[in-house]
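An overview of the molecular structure
So you can see what is in the structure, the chains are spelled out below.
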Amino acid sequence: MIPAIDSSHLVNMGSARKHADWIAVDWGTSNLRAWAFRDGTAVAKATSDKGMGVLAADAFEAALLDVVEPWLGTGPMRVVASGMAGARQGWREAPYATVPCAPTGTGGVRPEVADPRLDVTILPGLAQDKPADVMRGEETQIAGYLAGNPGFDGIVCLPGTHTKWVHVSAGEVVSFRTFMTGEIFALLSTGSVLRHSVGEGWDDTAFAEAVDDAVGRPEAMAARLFALRAETLLAGLGKGAATARLSGLLIGAELAAARAYWLGQRIVLVGESGQVSHYANALASLGAVAETADATEATLAGLAAAHARIQEQS
């Protein structure tokens with residue numbers, strides 16, 4: 001069993017110049033994160049804003065070298081990458097594995113590299129035929145959570161820009177659904193009339209009331225959203241309360257639609273603390289208790305588990 005990874009001791013790249021045993025990479029749309037592993041432990045980390053969204057296919061190797069070169073020796077270094085490096089618009093497409101299946105397993109691809117010090121494997125994402133759905137990166141977090149909790153049977157929810165509700169049983173992802181709740185919040189709060197109403201601050205009561213309202217009447221969502229703007233103009237609704245209410249309406253509507261996933265199930269929330277707390281509070285208001293797990297720890301444990309399998313298969 002791969003133990004959970006404690007990243008609290010990690011140092012910046014510049015202070016860890018010794019060669020790594022292998023390198024773990026989480027390549028998102030906006031950012032690149034890398035960790036140097038030595039003697040089974042993540043000992044250094046590096047980040048870059050060169051996510052998949054700003055790179056052409058022939059620019060990935062250079063972007064990777066920018067952050068990991070201090071950790072390389074003279075021979076080939078194993079690099080295990082998850083996320084958007086394997087997307088169709090990424091470095092090299094890693095075909096999806098179709099559920100039900102283990103969250104990570106065989107099927108990784110090896111992009112061609114010019115630097116002989118790199119030996120890169122990109123892990124595949126997961127796909128579901130009906131209803132159509134895909135994920136890239138989250139499957140590694142699920143694998144990492146399962147590495148530390150091998151008997152888990154229930155629902156893994158991964159809040160984020162595109163929140164995933166994932167049914168896990170017997171070590172496999174059985175099914176999942178994606179909700180664009182985070183992206184919708186960003187679009188409404190920055191590109192709609194609601195941008196004039198939301199802002200800094202938070203109101204727990206406003207959030208809880210909005211969750212309850214949306215779960216009870218999700219069909220009224222469009223009207224409830226405009227009411228935020230109207231109440232700002234007519235009743236002086238504060239920006240913190242408006243922000244909390246907008247979040248509560250969107251998360252509440254998501255929970256109404258995802259009820260079949262969370263109702264009566266064991267639930268674990270894997271993500272960043274702020275987003276996780278909002279989902280945990282929303283679920284608690286509906287009588288559902290959720291456990292929590294850190295997203296970075298899960299990512300590291302998942303990449304370590306994938307590396308161990310690759311080593312066994314080599």
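Since we're looking at a predicted model, the values are computed, not measured.

Moving on to the overall build of the protein. A count of helical and extended segments in the protein gives nine helices and 14 strands. Out of the 314 residues in the protein, the part that is buried amounts to 51%. For the protein, long-range pairs separated by at least 24 residues make up 68% of all intrachain contacts whose partners lie at least 6 apart in sequence. Entry remark: accessible area of the protein is about 14,100 Å², with carbon and sulfur atoms responsible for 52%.

What follows covers the sheet that holds strand β12 (residues 172-179). Strand order in the open sheet formed by five strands is β12-β11-β10-β13-β14, and the pairing between neighbours is mixed. The sheet is open, and its two edges are formed by β12 and β14 (290-294), each paired on a single side. Here the average twist between neighbouring strands, direction ignored, is 25 degrees. Across five bridges, the pairing between strand β10 (residues 154-158) and strand β11 (residues 163-169) is antiparallel.

If you trace the three strands from one edge of the open sheet to the other, you get β6-β8-β9, paired in mixed fashion. Only two strands of the sheet have a single neighbouring strand rather than two, namely β6 (97-98) and β9 (133-135). In the sheet, strand β8 (residues 126-128) pairs with β9 via three bridges, with the strands oriented antiparallel. Following the sheet pairing, Leu 126 is matched in β9 by Met 135.

Next up on the list: the packing of aromatic side chains. If you walk through the whole model with that rule in mind, you get six aromatic pairs. Between Trp 22 and Phe 37 the ring centres are 4.3 Å apart and the planes differ by 25 degrees, which places this aromatic pair in the stacked class. With a gap of 15 residues between them, Trp 22 in strand β2 (residues 22-27) and Phe 37 in strand β3 (residues 32-38) connect regions that are remote in the sequence. With respect to burial, Trp 22 and Phe 37 carry one shared label: buried. Geometrically, the ring pair formed by Tyr 145 and Phe 152 is edge-to-face, given 5.3 Å between the ring centres and 90 degrees between the ring planes. The two residues Tyr 145 and Phe 152 agree in class, both being buried. In textbook terms, an aromatic cluster arises when at least three aromatic residues are bridged by ring pairs, as seen for Trp 27, Phe 60 and Trp 91. The lysine or arginine in question, Arg 136, covers the ring of Tyr 96, its NZ or CZ lying 4.2 Å from the ring centre.

Moving on: the packing of helix α6 (residues 239-257) against helix α8 (residues 273-285). When two helices pack together, you describe them by how their axes are tilted relative to each other and by the distance separating the axes. Two elements in contact, α6 and α8, have axes whose closest approach is 11 Å; the angle formed by their N-to-C orientations is 60 degrees. Taken together, α6 and α8 sit at an angle that is classed as oblique. Between α6 and α8 the crossing geometry is right-handed. In this structure, α6 uses Ile 251, Glu 254 and Leu 255 to contact α8, whose residues at the interface are His 278, Tyr 279, Ala 282 and Leu 283. Of the residues in the contact of α6 with α8, the class split is five nonpolar, one polar and one charged.

Remark: helix α4 (residues 204-216) packs on α6, axes separated minimally by 7 Å, with the N-to-C direction vectors making an angle of 35 degrees. The element α4 and its partner α6 pack so that their crossing is right-handed. Here α4 contributes Ala 206, Phe 207, Ala 210, Val 211, Asp 213, Ala 214 and Val 215 to the contact with α6, which in turn contributes Ala 241, Ala 244, Arg 245, Ser 247, Gly 248, Leu 249, Ile 251, Gly 252, Ala 253 and Ala 256. Here the residues of the contact of α4 with α6 are counted per class, giving twelve nonpolar, three polar and two charged.

Taking 1.5 Å per residue, 19 residues should reach 27 Å; helix α9 (residues 295-313) reaches 27 Å between its end C-alpha atoms and fits that length. N-cap assignment for α9: the residue whose side-chain oxygen lies 3.0 Å from the backbone N of Thr 296 is Asp 294.

We now examine the nonpolar core. Residues Trp 165, Leu 246, Trp 262 and Leu 283 are the most contacted members of the largest nonpolar core, which totals 36 residues. Taken together, the elements giving at least two residues each to this core come down to β10, α4, α5 (221-235), α6, α7 (259-262), β13 (267-271) and α8. Among the elements that line this core, the one with the most residues is α6, at eight residues. Counting residues in hydrophobic clusters, the runner-up holds 29 residues, among them Ile 23, Val 68, Ala 85 and Val 109.

Procedures and definitions
- Residues numbered from 1 in each chain as written.
- Predicted model: local features only at pLDDT ≥ 70, side-chain atom pairs only at ≥ 80, totals over all residues.
- Heavy atoms only, no water.
- Helix = DSSP H or I, 4+ residues; strand = E, 2+ residues; numbered from the N terminus.
- Buried < 20%, exposed > 50% of the residue type's maximum accessible area, 1.4 Å probe, protein only.
- Contact = heavy atoms within 4.5 Å.
- Areas by Shrake-Rupley, 256 points an atom, 1.4 Å probe, with all protein chains shown as cover.
- Pairing = 2+ DSSP bridges.
- Axes fitted to C-alpha atoms, helices over the stretch in contact; angles between N-to-C directions.
- Phe/Tyr/Trp six-rings, centres within 6.5 Å; stacked < 30°, edge-to-face > 60°.
- Lys NZ or Arg CZ within 6 Å of the ring centre and 35° of its normal.
- Parallel < 35°, antiparallel > 145°, perpendicular 65-115°, else oblique.
- Left-handed = near helix turned anticlockwise from the far one by under 90°.
- Nonpolar A, V, L, I, M, F, W, Y, C, P; charged D, E, K, R; others polar.
- Expected span 1.5 Å × (residues − 1).
- Polar contact = N/O pair within 3.5 Å; in protein donor to acceptor, adjacent residues only side chain to side chain.
- Core = buried A, V, L, I, M, F, W, Y, C linked by side-chain atoms within 4.5 Å.

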